[in-house]
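Take a look at the letters that make up each chain.
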Amino acid sequence: MLFINTRPEDRAVSLTQALSNAGYEVANLPLLELVDEPWSDALQQLYQQLEQVQVIVVVSPTAVDVGMRYLQRAGIHLDQLIHIQWIAVGQTTAQALAKFHIRAVVPEVETSEGMLELPILKQQKNVQKIAFWRGLGGRQFMMQQLQQQGVVVLNFVLYRRECPVASQTQFVNICAKASSGQQIVVLITSEASWNNWQQLCEKKIIDVEWIYLVLGERLRKIVEHTQSKLSKTVNIIQLESLSALEIIQRMKDWQGNV
């Protein structure tokens, strides 16, 4: 069995190490490369409204990094935002915020649906305006849900996702080494990474058993829908977080049931 770790390079190391220690063969194949969006007048205007929001949702460590750099560029100090509740999509993002002495709320399930279940967003008693620090194309579902409920959303697009050029060559190499019928596990963490994966697969068809580890129910449904349109039957395992412990446990559970 081969495990393809599709996390961006800077986030893949700890998971690859944990999987290797658990006895899995791992190939790193980043499906997303995060590139900063350039500073613009539109971002300047958004930052000038930041003191008016009650909540800032931060979706990744990259959003923390770029968001804080641009906060400084906009001439805004963190003490001006002391009244704001911060929400981090996961523990890694919360840890990145903690470096700036910010305590963020983290959902139990590290997805858009999980964040919408947080009391501060579900009750919405004192939330009229929310800022999203995110990447291009990310968290659309969550923003739409809040807008439909009458919440004003400030949309900070701080970076974009691209499929690394090197991964295209690496994918060909993985396919060349794969044997017929081999089980290959692929970690899919977002709709953007799934789209990039499909583009890679269009260029190379191999006879293996794909097992997809997908983050959250909504992404699982997207993967299932895509495969049904292609009349393909695949194994899909739903994750609730990207912790190495959960990933390894779900792998063991699946292997024990087949």
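Residues numbered from 1 in each chain as written. Predicted model: local features only at pLDDT ≥ 70, side-chain atom pairs only at ≥ 80, totals over all residues. Heavy atoms only, no water.

Chemist: Report on the overall build of the chain, specifying residues and quantitative values.
Modeler: The number of helices and strands found in the chain is eleven helices and eleven strands. At 19 Å, the chain has a C-alpha radius of gyration in line with the 18 Å of a compact globule built from 258 residues. Considered along the principal axes of its C-alpha atoms, the chain spans approximately 60 × 35 × 35 Å. Counting all 258 residues of the chain, 48% fall into the buried class. Partitioning the contacts of the chain with sequence separation of at least 6, the portion at a separation of at least 24 is 71%. For the chain, the exposed area adds up to about 13200 Å²; of that, 47% sits on carbon and sulfur atoms. Distance from the positive charge centre (23 side chains) to the negative charge centre (24 side chains) of the chain: 2 Å. (Helix = DSSP H or I, 4+ residues; strand = E, 2+ residues; numbered from the N terminus. Rg over C-alpha atoms; globule rule 2.2 N^0.38 Å. Buried < 20%, exposed > 50% of the residue type's maximum accessible area, 1.4 Å probe, protein only. Contact = heavy atoms within 4.5 Å. Areas by Shrake-Rupley, 256 points an atom, 1.4 Å probe, with all protein chains shown as cover. Lys, Arg positive; Asp, Glu negative; His and termini not counted. Charge placed at Lys NZ, Arg CZ, Asp CG, Glu CD.)

Chemist: Help me get a handle on the nonpolar core, residues and values and all.
Modeler: Soluble globular proteins tend to bury their nonpolar side chains together. Of all hydrophobic cores here, the largest spans 47 residues; its most connected members are Y47, L50, I56, W86, W133 and F156. Ignoring anything within four residues of it in the chain, the contact list for W86 reads I56, V58, M68, L78, L81, L97, I102, R103, A104, V105 and W133. L31, F171, I174 and V208 belong to the second-largest nonpolar core, a separate cluster that totals 22 residues. (Core = buried A, V, L, I, M, F, W, Y, C linked by side-chain atoms within 4.5 Å.)

Chemist: How would you sum up the state of the cysteines? Please name residues and give values.
Modeler: All told, the structure shown has zero disulfides when counted by the stated rule. Of all cysteine sulfurs, the one in C201 lies closest to C175, which takes part in no disulfide; the gap is 7.2 Å. Exposure remark for C175: the relative accessible area of 5% places this residue in the buried category. (Disulfide = S-S within 2.5 Å.)

Chemist: Just give me the short version of the sheet that holds strand β1 (residues 2–5), but keep the residues and values in it.
Modeler: Spatial strand order, β2-β1-β9-β10-β11: five strands in an open sheet with parallel pairing. At either margin of the open sheet sits one strand with a lone partner, and together these are β2 (25–28) and β11 (235–239). Going from strand to strand, the sheet's axes swing by 25 degrees on average, the running direction of each strand aside. One ladder, built from six bridges, connects strand β9 (residues 183–188) with strand β10 (residues 209–215); its direction is parallel. Bridge assignment links Q183 to a residue of β10, and that residue is E209. This element, helix α1 (residues 9–21), spans β1, β2 and β9 of the sheet and lies at about 160 degrees to β2. Along the sheet, helix α9 (residues 191–202) contacts β1, β9 and β10; its crossing angle with β9, the most-contacted strand, is approximately 140 degrees. (Pairing = 2+ DSSP bridges. Axes fitted to C-alpha atoms, helices over the stretch in contact; angles between N-to-C directions.)

Chemist: So what's going on with the sheet that holds strand β6 (residues 104–105)? Residues and values would help.
Modeler: Strand order in the open sheet formed by six strands is β3-β8-β7-β4-β5-β6, with mixed pairing between adjacent strands. At either margin of the open sheet sits one strand with a lone partner, and together these are β3 (33–36) and β6. Where strand β7 (residues 129–135) and strand β8 (residues 152–162) come together, seven bridges link them in parallel fashion. Among the inter-strand pairings, W133 is bridged to a residue of β8, identified as F156. Contacts from helix α3 (residues 61–73) reach β3, β4 (55–58), β5 (85–88), β7 and β8, with the element oriented near 115 degrees to β8.

Chemist: Let's hear about the side chain of R7: which residues, and what values?
Modeler: Note on placement: R7 falls in the loop between β1 and α1. Apart from the residues within four sequence positions on either side, R7 is in contact with A12, L15, P30, L187, T189 and L242.

Chemist: Provide a residue-level description of helix α2 (residues 41–48), including the pertinent values.
Modeler: Burial in α2 covers these residues: L43, L46 and Y47. Take α2 and look down its axis: the buried residues cluster within an arc of 100 degrees, on one side only. For α2, exposure combined with an orientation more than 90 degrees from the buried face picks out D41 and Q45. On its buried face, α2 is in contact with α3, β7 and β8. (Arc of directions from axis to C-beta.)

Chemist: Quick rundown of the domain arrangement of the chain? Include the residues and the values.
Modeler: As assigned here, the chain comprises domain 1 (2–32 + 164–253) and domain 2 (35–161). For domain 1 and domain 2, the distance between their C-alpha centroids amounts to 28 Å. On the side of domain 2, ten residues touch domain 1, which itself brings nine residues to the contact. Of the roughly 750 Å² buried at the junction of domain 1 and domain 2 (both faces included), carbon and sulfur atoms supply 56%. At the boundary of domain 1 and domain 2, one finds zero salt bridges. On the surface where domain 1 and domain 2 come into contact, there are one residue pair in polar contact (both at pLDDT 80 or more). (Domains from an automatic or database assignment. Buried area = accessible area lost by both parts, 1.4 Å probe. Salt bridge = Lys/Arg side-chain N within 4 Å of Asp/Glu carboxyl O. Polar contact = N/O pair within 3.5 Å; in protein donor to acceptor, adjacent residues only side chain to side chain.)

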